[in-house]
Amino acid sequence: MKNRINRILYVIRLGFSILMLAGIIYAGDVLADGFAVIVNKSNDTDNVSFNDLVKYFSAQKRFWPNQKKVVIILPGAGSEEKEVLLKKVYKLSEDDLKKELVGKVYKGEITSPPKTVNSSASAITAVMKEEGGISVIKAGDVSDNVKVLKIDGKSPAEPGYPLVK
């Protein structure tokens, strides 16, 4: 009887171990394909709806709930980060985004086009310097110097997170 119980417990532990390993592998795949929306650590916002994310990046929402001005920091042209923003958030080509941003400057909706950076490290540095800064980097490049926003309650490692390749 004791051997049978030990065998059953062994099988249960083995099953849990396999499930945990599968979850770790899946989370690793999501992180490898995912992108994180980062903001300054002083930003009180922890979670945004996807709709609000679009509004922040398109300068329709120009202030955070704490009244700090939103400072958009865009990844460089041709980067994976920029491609995911163009495809998922802006739903525009690079040229159409440039035209839209120039039009917003011309109409006085924004004072200048968003800053552009060439790497995740540069995006992190820029967001650290700007209290209202927001950018997108590869999820695997996140550092403790910035805060990662959840989108619709999901972080980059969770299934259903919208900013993946």
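Everything in this summary refers to the structure shown in the same document. Remember, predicted model here, so these are calculated numbers, not experimental data. (Residues numbered from 1 in each chain as written. Predicted model: local features only at pLDDT ≥ 70, side-chain atom pairs only at ≥ 80, totals over all residues. Heavy atoms only, no water.)

Observations concerning the pattern of salt bridges
Right, on to step 1. Counting across every chain of the model gives eight salt bridges.
Right, on to step 2. A salt bridge links D46 to K147, with the shortest nitrogen-to-oxygen separation between them at 3.0 Å. Taken together, the residues D46 in the loop between β1 (35-40) and β2 (47-48) and K147 in strand β6 (residues 146-151) connect sequence positions 101 residues apart.
Right, on to step 3. Take D46: its relative accessible area is 47%, and that puts it in the partly exposed class.
Right, on to step 4. Linking E109 and K104 is a salt bridge whose minimum nitrogen-to-oxygen distance equals 3.5 Å.
Right, on to step 5. In this structure K104 comes out as buried when scored by relative accessible area, which is 10%.
Right, on to step 6. Connected through salt bridges with shared partners, the residues E80, K138 and K165 form a single ionic network. (Salt bridge = Lys/Arg side-chain N within 4 Å of Asp/Glu carboxyl O. Helix = DSSP H or I, 4+ residues; strand = E, 2+ residues; numbered from the N terminus. Buried < 20%, exposed > 50% of the residue type's maximum accessible area, 1.4 Å probe, protein only.)

Regarding unusual backbone geometry
Right, on to step 1. Notably, Q67 is not glycine yet its phi reads approximately 70°, a positive angle.
Right, on to step 2. One can find Q67 in the loop between α2 (50-57) and β3 (71-75).
Right, on to step 3. Judged by its relative accessible area of 59%, Q67 falls in the exposed class.
Right, on to step 4. Of note, D152 is a non-glycine position whose phi angle comes to about 50°, a positive value.

Here we look at the side chain of S120
Right, on to step 1. Position of S120 relative to the elements: it lies in helix α5 (residues 120-129).
Right, on to step 2. In this structure S120 touches E81, I137, K138 and D141, once residues within four positions along its chain are discounted. (Contact = heavy atoms within 4.5 Å.)

Focus on the nonpolar core
Right, on to step 1. Grouped together as the largest cluster of nonpolar side chains are 26 residues, with contacts concentrated most on V37, L53, F57, I134 and L163.
Right, on to step 2. Broken down by element, this core gets its largest block of residues, five residues, from helix α3 (residues 80-90).
Right, on to step 3. Residues A36, I73, A126 and V146 belong to the second largest nonpolar core, which totals eleven residues. (Core = buried A, V, L, I, M, F, W, Y, C linked by side-chain atoms within 4.5 Å.)

Notes on the packing of aromatic side chains
Right, on to step 1. According to the stated counting rule, one finds two aromatic pairs in the structure shown.
Right, on to step 2. Plain terms: the ring middles of F57 and Y90 are 6.4 Å apart, the flat faces sit at 80° to each other, and that makes the pair edge-to-face. Taken together, the positions of F57 in helix α2 and Y90 in helix α3 put the pair 33 residues apart, joining distant regions of the chain. (Phe/Tyr/Trp six-rings, centres within 6.5 Å; stacked < 30°, edge-to-face > 60°.)

Quick look at the side chain of E94
Right, on to step 1. Mapped onto the fold, E94 is located in helix α4 (residues 94-106).
Right, on to step 2. Reaching out from E94, the side chain makes a polar contact with the side chain of K82 at a distance of 3.1 Å.
Right, on to step 3. Excluding residues that lie within four positions of it along the chain, E94 makes contacts with A77, K82 and L86. (Polar contact = N/O pair within 3.5 Å; in protein donor to acceptor, adjacent residues only side chain to side chain.)

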